[in-house]
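Residue-level structure breakdown
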Amino acid sequence: MRVVNQPVPKVDSRALVEGQPVYTDDLAPADCLIVKLLRSPHAHALIQDINLTRALAVPGIECILTYEDCPDKRFTMAGQSYPEPSPYDRLILDQRVRFVGDAVAIVAGTGKEAVNKAMKLIKVKYEVLEPLLDFRKAKDNAILVHPEDNWKSLFPVGADNKRNLCAHEEDGQGDIESVLVSCDYVLDRTYHTKANQQAMMETFRTYTHLDTYGRLNVVSSTQIPFHVRRILATALDIPKSKVRVIKPRIGGGFGAKQTAVTEVYPALVTWKTGKPAKLVYTREESFIASSPRHEMEIRVRLGADKNGIIKGIDVYTLSNTGAFGEHGPTTVGLSGHKSIPLYGKAEAFRFIYDVVYTNVMSAGAYRGYGATQGIFAMESAVNEMAGILGMDPVILREINMVKEGQTMPAYYGETANSCALDRCLARAKKTIDWDNKYPYRDMGGGKIRGVGVAMAMQGSGIAALDTASVGIRVNDDGFYTLMVGATDMGTGSDTILAQMAAECLGCDMEEIIVHGVDTDSSPYDCGSYASSTTYVTGMAVLRTCEILRRKICAKGASYMNCAPDDVEFDGEKVLNLKTGESISRQEIGNRVMCNNEDALYASEAFSSPISPPPFMVGIAEVEIDKETGQIEMIDYAAVVDCGTVVNPNLARVQTEGGIAQGIGMALFEDIVYNEKGKNYSNSFMQYKIPSRLDVGEIRVEFESSYEPTGPFGAKSIGEIVINTPPPAIVNAVHNATGVLIRELPVTAEKIYRGMKNKEK
Amino acid sequence: MLTINNYVKAKSLEEAYELNQARNARIMGGMLWMRLGNARVQTLIDLSDLGLDQIEETAHVFRIGAMCTLRQLELHEGLKVLYGDSIAESVRHIVGVQFRNQATVGGSVYGRFGFSDVLTCLLSLDTFVELYNGGTIRLSEFINRKRDKDILVSIIIRKSNRRLKYDAVRRAKTDFPVLTCAVVAGPVHGKETWYFSVGARPMKAKVLEKKWSIPRDISDGLLMDYAKEAAAGFDYGTNMRGSAEYRRHLAEVLIRRSMHAILMEE
Amino acid sequence: MTVEFVLNGKRVTAEATGDTVLLDVLRNLGCHSVKCGCETTNCGLCTVWVNGKSRLSCSVLALSIEGQEITTLEGVKEKAEEFGSFLAAEGAEQCGFCSPGFIMNVLAMVRELKNPNIEEIKEYLSGNLCRCTGYMGQLRAICKYMEHMKEEVHS
């Protein structure tokens, strides 16, 4: 392949390394209204009174909106295809506040100083209610987070606001109890993962204005422009045709921006005042009122026979969705459906889950989307089983893992058409030199190094749901415009889609201009989430190119007065195979601007009935100080099967980045609330994401299977990359010290206490 | 949010001192910690033009101007010659180079922060602070005083035969420390004396003096006993970063390791 | 009040109150490369040079830099493009939001450190956070850039 599978630089690289003003805050006009939100200091309260008199008198204040100014029609901020599985439990502003930091008033004024001054002068009287802070006590608790009658669930996800339930389901195949009874070894363990912040470098921000036609224009740092259009229309109760959403360059998302976190507030201000408005979240707001990963407690029961074959898998997930239900009903499913299928010899499985409301910040979508939590539990349980069996955890996986061609009952019955998991494990094992390092090496000087392993899977888009379309147009001189609705948030999706188009159309990257995303002109795309872009949008690119090539051939043939069947297009010219005559793409592109009735434009959509999983193995090597318990990352060997690798550079960087985030989840990141629900993890000072001194060495390789239904054999890679570090690191700690940690993050103190307990 | 009504670059220490006597006046260090708070400052006094950003070395002392940056402390050759890598060790984990190009030694000392590596390290040496009005007093006395309206002009380390070892434990590499520890040994009036400075307990650094004579070939077990006794001389607390019990254990380990390193140096 | 200083080689004046920080002044003057990533001095996105030294513009009071020389990415275009091309060749400028502050600190580092090893490079840049790349691609770019500069010196 000429362009696909090449390390092409990103199409926007120049602008980014030069620091060009291409992000939301750079594009907002200097004189737009500054919008800020007054936030609740209570985790659960009813607003009895809001006195705005003094605040409104501050010069420069344009408006202050309270719940009395907002429609009483509930909606969801979740970026999902309609009808959304997430409950309609939001109002723009509500009389009931449900977490410390929940929005109480929207203040808009002509400058930061005026707005800050006014905020201090707003007097709110609260009736403070008892908060529900323990997610283990949430189900059927007397305290209801959403007691309101107009709470809605559009989808049968097992939600019931009167029980604090956001979702519930039971699934399985085979008779799990009798299978477990027949097993020689049964393990029953519970694991606890915490809410984690995506912590992208660009916080949440949106600016809005009314255009010439009185339509609401929204420029936002979002992964879901089309969903934002619908969400705003619903929230403001205006026709969808009145809303336009534009996505500029984004400073990272990782799922955080798959919830419409900021859009609705400046949108309401602009709609009411007619003036441009901008809301930029501070880093603190991006820590206390954002959309972090769902906290989950996952109970795993594994049954294995005396040979170590895992016969039965039983998973129960309790997921904490916080004050609102965005992505609550959907993330939880992956905790079982994208962990259990890793094991191909199970004869029975069961998967039950509850998703509960609590009075903490609403959780949302974060890379991995439930699979990360489920894989932590599953891989940790399998590693513990290896310990009980006295078996090397790599070998235990070698004899149990899912193989190519197998049907996966726990993965919606799909078949693993492309699976190189076995090769990934073999390669990772070799790269790290597992046999010489497992289980540990005493390095002397009180230091000990251990290795640990984990496998992972994810999906490629949401089967039979995620829909992507692209449009490609031929321009003057024959250059192409590739119009996408997929949202590049720095990942380089614009680039890889252009690579695929260049490959199909037989041209160079420079001839393709990527344009996106503007809901007025871009073809529909669900957005960049669920690892859909490479696979789903990619296939839309292929389909569109195919149609466009036919149109180019037909046009060229007509210019050469021959039949379309007589010609061939080699990317540069249309060639008459019979006469040898040809006409260049350049000439065709120019001629069709006159006297032409065949627009050289194609636009095709794609949705897949299946979601082929990428697979991955991660092996961590850690060094532990036996006296202090301090743990350091030494090495990480990762091998990824994402099918054909569209861009080796970008795929490698994605993997390294995901592993770094996984290391953060394993070792440093935690959201800590006090007994009143106040979030202490409200800055980079307290919430520690890995610095470059924290990640050690990361080595990434690819073992490519070939996915027959994917573009050029590709599967997606965006999310799976975060899934292996937490269980691999926990396994490495155990192999080094004998200490088992079942609640993240792993800390030196936990290791120290574990070692001390072992001594006793 | 910090608000500042007036900014003044003082032309003399006298002017700075006069201005600082007003209730809502503040002296600016690196502006890194103050900016995080909610002070309503009437007059912010900048000492940058007063030549306080030099480290002066004489035969007897190091005189570190209050406006010296942590980075200057980190790179100073003279301090390295006398104290090895430990001075640099006490600052190099603090956030990043950009931060340390701005954070001042004066600000770190005046602030008397619990988390301060710098304070812990300086406290273990023969260190004094020079106050504009209050004269020169020991850092160990200054550290217990409440913030007042005097101006910290410089930090003075009296040179003598002292071996220094600094160590700290952190959860993430550029995080606040879980515990800081500086150990110094040297002859004082002819007697071998050890100084143990432990900070981030999470309380601020405190220093203990022990007149111990410890042989170089002391056994690990006996050295551990010494370290335990030293560590027992401090109180510890629990917060988000660690429990009191763990901190005490860390103090025992870090003190023992530092003592061992110092003994091996001789 | 106004403050006059030299920005990327040109004399400029800006309005500022006692607590106005340099970051806001620079963005208002059109230097959009300077980003705000946090409120607690941890992220390094706002890194600029004050008299050639890397500083955090979020914590520099605008009124304190009267007459001083401030450099942003816009003022070192050529050098930034040169190093930037090594970043782009690794695909290591992902979302690009940390890139300007990071590049400023890299350029300061190659000026200040002679032949740094990997650990020294990592430590110098420890105040520049990145969430996208895992730092490895950035390190590859730096090593290749330093190699390239060595070759340039020799030729």
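Residues numbered from 1 in each chain as written. Chains lettered and ligands numbered in written order. Predicted model: local features only at pLDDT ≥ 70, side-chain atom pairs only at ≥ 80, totals over all residues.

Before going further, it helps to examine the overall build of chain B. Secondary structure summary: chain B contains 10 helices and 12 strands in total. Computed over C-alpha atoms, the radius of gyration of chain B comes to 19 Å, within 12% of the 18 Å expected from 2.2 N^0.38 for 266 residues, which places it in the range of a compact globule. Reported as C-alpha extents along the three principal axes, the dimensions of chain B are approximately 60 × 45 × 30 Å. In chain B, the proportion of contacts linking residues at least 24 apart, taken out of those at least 6 apart, comes to 61%. (Helix = DSSP H or I, 4+ residues; strand = E, 2+ residues; numbered from the N terminus. Rg over C-alpha atoms; globule rule 2.2 N^0.38 Å. Contact = placed C-beta atoms within 7 Å.)

The next point concerns the overall build of chain A. Tallying secondary structure elements over chain A gives 19 helices and 29 strands in all. Against the 2.2 N^0.38 benchmark of 27 Å for 760 residues, chain A shows a C-alpha radius of gyration of 27 Å, consistent with a compact globule. Principal axes of the C-alpha set define a box for chain A whose edges measure 90 × 75 × 50 Å. A buried classification covers 62% of the 760 residues belonging to chain A. Within chain A, contacts between residues at least 6 apart in sequence are counted, and of these 80% link residues at least 24 apart. (Buried ≥ 20, exposed ≤ 12 C-beta atoms within 10 Å, placed from the backbone.)

Facing the 16 residues of chain A at the interface are 14 residues of chain B. For the side of chain A that touches chain B, the leading source of residues is helix α19 (residues 748-759) of chain A, giving three residues. Along the lines of polarity and charge, the residues of the side of chain A that touches chain B split into seven nonpolar, five polar and four charged. (Nonpolar A, V, L, I, M, F, W, Y, C, P; charged D, E, K, R; others polar.)

Take the UniProt feature "domain: FAD-binding PCMH-type" (unreviewed entry) in chain B next. Those places that UniProt annotates as "domain: FAD-binding PCMH-type" (unreviewed entry) correspond, in this numbering, to residues 1-162 of chain B. Span residues 1-162 of chain B is 31% helix and 26% strand, its end C-alpha atoms 43 Å apart. (UniProt positions renumbered as here; feature names shortened; annotations may be inferred.)

Right, let's get into the interface of chain C and chain A. Listed per partner, the contact involves 42 residues of chain C and 41 residues of chain A. Elements that contribute at least two residues to the side of chain C that touches chain A include exactly α2 (77-90), α3 (99-112), α4 (118-124) and α5 (136-154) of chain C. In terms of residue count, the dominant contributor to the side of chain C that touches chain A is α2(C) (eight residues). Split into classes, the residues belonging to the side of chain C that touches chain A amount to 19 nonpolar, 14 polar and nine charged.

Attention shifts here to the environment of R162(B). All names here are of chain B. If you trace the backbone, R162 turns up in the loop between β8 (152-158) and β9 (163-170). With 20 C-beta atoms counted inside 10 Å, the residue R162 sits in the buried group. Once the C-alpha coordinates of R162 and A230 are considered, the two residues, 68 residues apart in sequence, prove to be 18 Å apart. With residues up to four places along the chain from it excluded, the contact list for R162 reads L125, D126, V184 and G186.

All names here are of chain A. Spatial strand order, β18-β19-β27-β28-β29: five strands in an open sheet with mixed pairing. Every other strand in the sheet has two partners, leaving β18 (440-444) and β29 (697-702) as the edge strands with one partner each. Strand-to-strand, the axes of this sheet are offset by a mean angle of 15°, without reference to chain direction. Where strand β28 (residues 631-641) lies against β29, six bridges are found, and the strand directions are parallel. Bridged to D635 within β29 is E697. (Pairing = 2+ DSSP bridges. Axes fitted to C-alpha atoms, helices over the stretch in contact; angles between N-to-C directions.)

Right, let's talk about helix α17 (residues 648-667) of chain A for a bit. The terminal C-alpha atoms of α17(A) lie 28 Å apart, and with 20 residues this matches the ideal 28 Å at 1.5 Å per residue to within 8%. Of all 20 residues making up α17(A), 19 are buried, and the element is well covered by its neighbours. (Expected span 1.5 Å × (residues − 1).)

Here we take up the domain arrangement of chain B. All names here are of chain B. Partitioning chain B into structural domains gives domain 1 (3-46), domain 2 (55-158) and domain 3 (163-265). For domain 1 and domain 2, the distance between their C-alpha centres works out to 20 Å. In this complex, domain 1 contributes 10 residues to the contact, which on the side of domain 2 involves 13 residues. The leading source of residues in the side of domain 1 that touches domain 2 is helix α1 (residues 13-20), at four residues. Of the residues contributing to the side of domain 1 that touches domain 2, the split by class is six nonpolar, four polar and no charged. (Domains from an automatic or database assignment.)

Turning next to the domain arrangement of chain A. All names here are of chain A. Split into domains, chain A comes out as domain 1 (13-131 + 198-288), domain 2 (420-458 + 612-760) and domain 3 (468-606). Domain 1 and domain 2 are separated by 36 Å when their C-alpha centres are compared. Taken residue by residue, the interface counts 10 residues in domain 1 and 10 residues in domain 2. For the side of domain 1 that touches domain 2, the per-class residue count stands at seven nonpolar, one polar and two charged.

Okay, the pairing of strand β14 (residues 310-322) of chain A next. Side-chain positions along a regular strand alternate between the two faces of the sheet. Residues and elements named next belong to chain A. Across the 13 residues of β14, 12 count as buried, placing the element largely inside the fold. Across 10 bridges, the pairing between strand β13 (residues 295-304) and β14 is antiparallel. In the sheet register, R299 faces β14, and the bridge partner there is Y316. Once β13 ends, the chain turns through five residues before running back antiparallel as β14, passing G308 with a positive phi of about 90°. Here β14 runs beside strand β15 (residues 348-357); their pairing, made up of 10 bridges, is parallel. Counterpart to G312 in the pairing with β15 is A348. Handedness of the crossover joining β14 and β15 through helix α9 (residues 328-337) is recorded here as right-handed. (Right-handed = clockwise from strand over helix to strand, strands pointing away.)

The next subject is the environment of K678(A). All names here are of chain A. Tracing the sequence through the fold places K678 in the loop between α17 and β29. For K678, a count of 17 C-beta atoms within 10 Å puts it in the partly exposed group. Spatially, the C-alpha atoms of K678 and M361 are 9.8 Å apart, while their sequence positions differ by 317 residues. Contacts of K678, omitting those with residues within four sequence positions, involve V100 and Y673.

Residues and elements named next belong to chain A. In contact at an axis separation of 7 Å, α9 and helix α10 (residues 371-389) are set at 30° when each is read in the N-to-C sense. In terms of their interaxial angle, α9 and α10 are classed as roughly parallel. Pair α9 / α10 crosses with right-handed handedness. Here L334, S335 and G336 of α9 lie close against α10, whose contacting residues are A371, Q373 and G374. The residue makeup of the contact of α9 with α10, split by class, is two nonpolar, four polar and no charged. (Parallel < 35°, antiparallel > 145°, perpendicular 65-115°, else oblique. Left-handed = near helix turned anticlockwise from the far one by under 90°.)

Attention now moves to the pairing of strand β3 (residues 40-46) of chain B. Where strand β1 (residues 3-9) of chain B and β3(B) come together, six bridges link them in parallel fashion. Across the sheet, residue Y7(B) finds its bridge partner in β3(B), namely L44(B).

Turning our eyes to something else, we now look at unusual backbone geometry. Residue and element names in this part refer to chain A. That bond from Y82 to P83 is cis: its omega, 0°, falls within 30 degrees of zero. Positionally, P83 belongs in the loop between β3 (61-65) and β4 (96-97). Cis rather than trans, the peptide bond between L744 and P745 has omega equal to -5°. Counting through the fold element by element, P745 comes out in the loop between α18 (725-737) and α19. Backbone geometry places N5, a non-glycine residue, at a positive phi of 70°. Note that N5 resides in the segment before α1 (13-17). Of the residues examined, N5 has 19 C-beta atoms within 10 Å and is grouped as partly exposed. One non-glycine residue, N561, lies in positive phi territory at about 55°.

The next point concerns helix α12 (residues 421-432) of chain A. All names here are of chain A. If you check α12, its first and last C-alpha atoms are 17 Å apart, about what 12 residues at 1.5 Å a residue would give, namely 16 Å. Listed as buried for α12 are L421, C424, L425, A428, K429 and I432. The buried residues of α12 occupy one face: seen down the axis, they fall within an arc of 130°. For α12, the elements touching its buried residues are α11 (393-398), α13 (434-437), β19 (447-457), β27 (615-625) and β28. Remark: D433 follows α12 within two positions and exhibits a positive phi of approximately 70°. (Arc of directions from axis to C-beta.)

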